[in-house]
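# Notes for the structure review
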Amino acid sequence: MAKICFVGLGYVGLVTGTCLADFGNHVIGVDSDKARIESLAQGIVPFYEPGLDDYVARNLENGRLAFTDDLLGAINASRIIFIAVGTPSSSDGSANLDAVFNAARFIAEHVTDEKILVVKSTVPVGTCSDIDRLVRGILDQRGLAIRVDVVSNPEFLREGTSIYDFTHPDKVVIGTESASAQEALKQVYRVLYLNETPFVFVNRETSELIKYANNAFLAMKVSFINELSGLCEKVGANVQDLARAIGRDGRIGSKFLHAGPGYGGSCFPKDTKALAYMANKAENPLKLVEATIAANEDQKARMVRKITDKLGTVTGKTLAILGLTFKPNTDDVRDSPVLDIIEGLLEKGAVLKVFDPMGMKNMQVYYPHNSKIMYCNSEYSATESSDALIITTEWHQFRNLDFTRLGSILKSKIIFDLRNIYDPALIRSFGFEYIGVGVIS
Ligand code: UGA
């Protein structure tokens, strides 16, 4: 079987490469970070993703997965090369494609035989065609008449559930008009193909846009319910009952209608901004996407106002924050709404005692431990002598807190449940004031 190579072993590259090895493919993972390669070769995964370490260990052991920093060797050994490097946001919202083009350029400068270049990274529409032109130009200069197909194959994995998502996808999207590349990709994903997972074959531009449209629609759903949560508070309605009811309509669907502190993570914020930027550049502004972004910023700011309004002032007050990651089951705090909430509360003079089961190390990159923000070793040590408790991420272990104990260690019995994980009546029965999102306080 042809070998597959993954250039870039961040979240997407490592999860996808490992899962494809588990499907029986021979996969070489390449990254320029030597320390990362050395750890991975010993089965140590550089971030927290449930189940991934077992998958890596198993496939290293059976010899279907290997890691190297030797890009040239990996390219030479592989027919199919996935580019899965990062595409961070630039200050104007556009995606920074330097790593993608650098990888493509290196490959074009060194290939000696037929390859399929699969772009897994999220890239703006037209990038695969630009890569195609770049590769052809370099091959022409080298006087090489070999076939290199450039294919778009976006990913739809969610952090925290990526292995399940990989093995049970709603669809696999493949953007290419080359019949031989389509066939090769069908082989790579043959386990899913045989399971009758829908395969969507489209042109490259459509494939690139599907990725952005998918994330933007989901982000729009979250912003929609978040905006309604504000209205619910004003008019005495309950956003959870509202979401349940509208979600019953099959045309709307119940998922991604949980009101909260705003969406975050490495994808929704970055991809909505990149899509809006791309649309403006094409002189076809996407007003709903722009409104989605603006509503998300408002929601984060509204959370800070909610807390300060209730407490009168937060200056000099100590607040316990439970949850730093942008969602549970990950150690990722990138673009977490909690970053904005922390920033807003610190600006207003609060002292914060924070705890997260997995995200503490990553958060300290943004906010080192000091007298204004203290990293605590449990829910209860964060709460000890605090003026209020704020739940910001819906980790399982925060769903069953001991309210008798909390009541005895908090200075005032006030809970801000920014993920609506508790029944307000239950919390009030312990003598607490309960403030949720879009529910009557
Ligand atoms: C998202 C998409 O769901 C994946 O399909 C996609 O592959 C991925 O981005 C990506 O582009 O790489 P992810 O960022 O891991 O996945 O997280 P989600 O589960 O989608 O949640 C995103 C944010 O929305 C989180 O902050 C979450 O708390 C928030 N959210 C989600 C809500 O506030 N309410 C909801 O009802 C759902």
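Residues numbered from 1 in each chain as written. Predicted model: local features only at pLDDT ≥ 70, side-chain atom pairs only at ≥ 80, totals over all residues. Heavy atoms only, no water.

### Quick word on the site of the ligand
Stated formally: Near residues are defined by distance, with any heavy atom within 4 Å of the molecule or strand qualifying the residue. Nitrogen and oxygen atoms within 3.5 Å of one another constitute a polar contact, given that in protein one can donate a hydrogen and the other can accept it, and given that sequence-neighbouring residues count only through two side-chain atoms. Secondary structure elements follow DSSP: runs of H or I of four or more residues count as helices, runs of E of two or more count as strands, with numbering from the N terminus. Residues are grouped as follows: Ala, Val, Leu, Ile, Met, Phe, Trp, Tyr, Cys and Pro are nonpolar; Asp, Glu, Lys and Arg are charged; every other residue, Gly included, is polar.
Near the ligand, the surroundings consist of 19 residues, among which Leu157, Glu159, Lys211, Asn215 and Cys267 are the closest. Note that an oxygen atom of the ligand is positioned 2.7 Å from one of the side-chain N or O atoms of Asn215. Note that an oxygen atom of the ligand is positioned 2.9 Å from one of the backbone N or O atoms of Phe326. Residue assignment for the shell around the ligand shows that the elements contributing at least two residues are helix 10 (204-235) and helix 12 (268-281). No other element matches the 3 residues that helix 10 contributes to the shell around the ligand. Taken together, the residues that form the shell around the ligand break down as 9 nonpolar, 3 polar and 7 charged.

### Things to note about the pairing of strand 2 (residues 26-30)
Just so we agree on the cut-off: Only protein chains enter the accessibility calculation, which uses a 1.4 Å probe. A residue is then buried if its area is under 20% of the maximum for its type, exposed if over 50%, and partly exposed in between. Strand pairing is assigned whenever DSSP identifies at least 2 bridges connecting the two strands. Handedness is read with the strands pointing away from the viewer; a crossover is right-handed when the path from the first strand over the helix to the second is clockwise.
For strand 2, a buried count of 4 out of 5 residues is recorded, marking the element as mostly surrounded by other parts of the structure. As paired strands, strand 1 (residues 3-7) and strand 2 are joined by 5 bridges and run parallel to one another. Counted as the bridge partner of Cys5 is Ile28 from strand 2. Crossover connection from strand 1 via helix 1 (residues 11-22) to parallel strand 2: handedness right-handed. The pairing of strand 2 with strand 3 (residues 65-68) spans 4 bridges and is parallel.

### Things to note about the pattern of salt bridges
For clarity, the cut-off: For this analysis, a salt bridge means a side-chain nitrogen from Lys or Arg found within 4 Å of a carboxyl oxygen belonging to Asp or Glu.
Taken as a whole and judged by the stated rule, the model has 23 salt bridges. Here Asp241 ties to Arg244 by a salt bridge, and the two come within 2.8 Å at their closest N and O atoms. Of this pair, Asp241 and Arg244 are both found in helix 11 (residues 239-247), 3 residues apart, which corresponds to roughly one turn of the helix. Counted as one network, the salt bridges with shared partners bring together Asp132, Arg136 and Arg204.

### Quick notes on unusual backbone geometry
The backbone phi angle of Glu196 is positive, close to 65 degrees, even though this residue is not glycine. Mapped onto the fold, Glu196 is located in the loop between helix 9 (190-194) and strand 8 (199-202). For Glu196, a relative accessible area of 70% puts it in the exposed group. Phi at Glu283 takes a positive value of approximately 55 degrees, unusual for a residue other than glycine. Looking at where Glu283 falls in the secondary structure, it is placed in the loop between helix 12 and helix 13 (287-311). Judged by its relative accessible area of 72%, Glu283 is exposed.

### Observations regarding the sheet that holds strand 14 (residues 433-435)
Which entries qualify depends on this criterion: Orientation is described by lines fitted to C-alpha atoms, with helices fitted over the stretch in contact, and by angles between N-to-C directions that extend from 0 to 180 degrees. Here, residues are in contact when the closest pair of their heavy atoms is within 4.5 Å.
Pairing is parallel across the open sheet formed by 6 strands, whose spatial order is 11-10-9-12-13-14. Both edges of this open sheet fall to strand 11 (373-375) and strand 14, since each of them pairs with a single strand only. Taking each pair of neighbouring strands and ignoring which way they run, the sheet shows an average axis angle of 20 degrees. Here 3 bridges tie strand 12 (residues 388-391) to strand 13 (residues 414-417), and the two strands are oriented parallel to one another. Within strand 13, the residue paired with Ile391 across the bridge is Asp417. On the sheet, helix 13 packs against strand 9 (318-322), strand 12, strand 13 and strand 14 and is oriented at approximately 165 degrees with respect to strand 13.

### Re the packing of helix 13 against helix 14 (residues 337-347)
Note the cut-off: For classification, angles of less than 35 degrees are called roughly parallel, those exceeding 145 degrees roughly antiparallel, those between 65 and 115 degrees roughly perpendicular, and all remaining angles oblique. Crossings are sorted by hand: turned counterclockwise from the far helix by less than a right angle, the near helix makes the crossing left-handed, and turned clockwise it makes it right-handed.
Between helix 13 and helix 14, the least distance of the axes is 9 Å, while the angle of their chain directions is 45 degrees. Judged by the inter-axis angle, helix 13 sits oblique to helix 14. Seen along the crossing, helix 13 lies across helix 14 with a hand that is right-handed. Contacts between helix 13 and helix 14 involve Glu297, Lys300, Met303, Val304 and Ile307 on the former and, on the latter, Pro337, Asp340, Ile341, Gly344 and Leu345. The residue inventory of the contact of helix 13 with helix 14, partitioned by class, reads 6 nonpolar, 1 polar and 3 charged.

### A short note on helix 5 (residues 98-110)
Here is the rule: Under the convention used throughout, the expected extent of a helix is 1.5 Å for every residue step, that is, one less than its residue count. The arc in question is the one spanned by the directions pointing from the helix axis to the C-beta atoms.
Across its 13 residues, helix 5 extends 18 Å between first and last C-alpha, which sits within 8% of the 18 Å expected from 1.5 Å per residue. Regarding helix 5, the residues found buried are Val100, Phe101, Ala103, Ala104, Ile107 and Ala108. In an axial view of helix 5, the angular spread of the buried residues amounts to 160 degrees, which keeps them on one side of the axis.

### Looking at the packing of helix 1 against helix 3 (residues 52-61)
For the pair helix 1 and helix 3, the least separation of the axes is 9 Å and the interaxial angle reads 50 degrees. In terms of orientation, helix 1 and helix 3 fall into the oblique class. Handedness of the helix 1/helix 3 crossing: left-handed. Packed against helix 1, whose contacting residues are Leu14, Val15, Thr18, Cys19, Ala21 and Asp22, the element helix 3 presents Leu52, Tyr55, Val56, Arg58 and Asn59 at the interface. Residues belonging to the contact of helix 1 with helix 3 are distributed by class as follows: 7 nonpolar, 2 polar and 2 charged.

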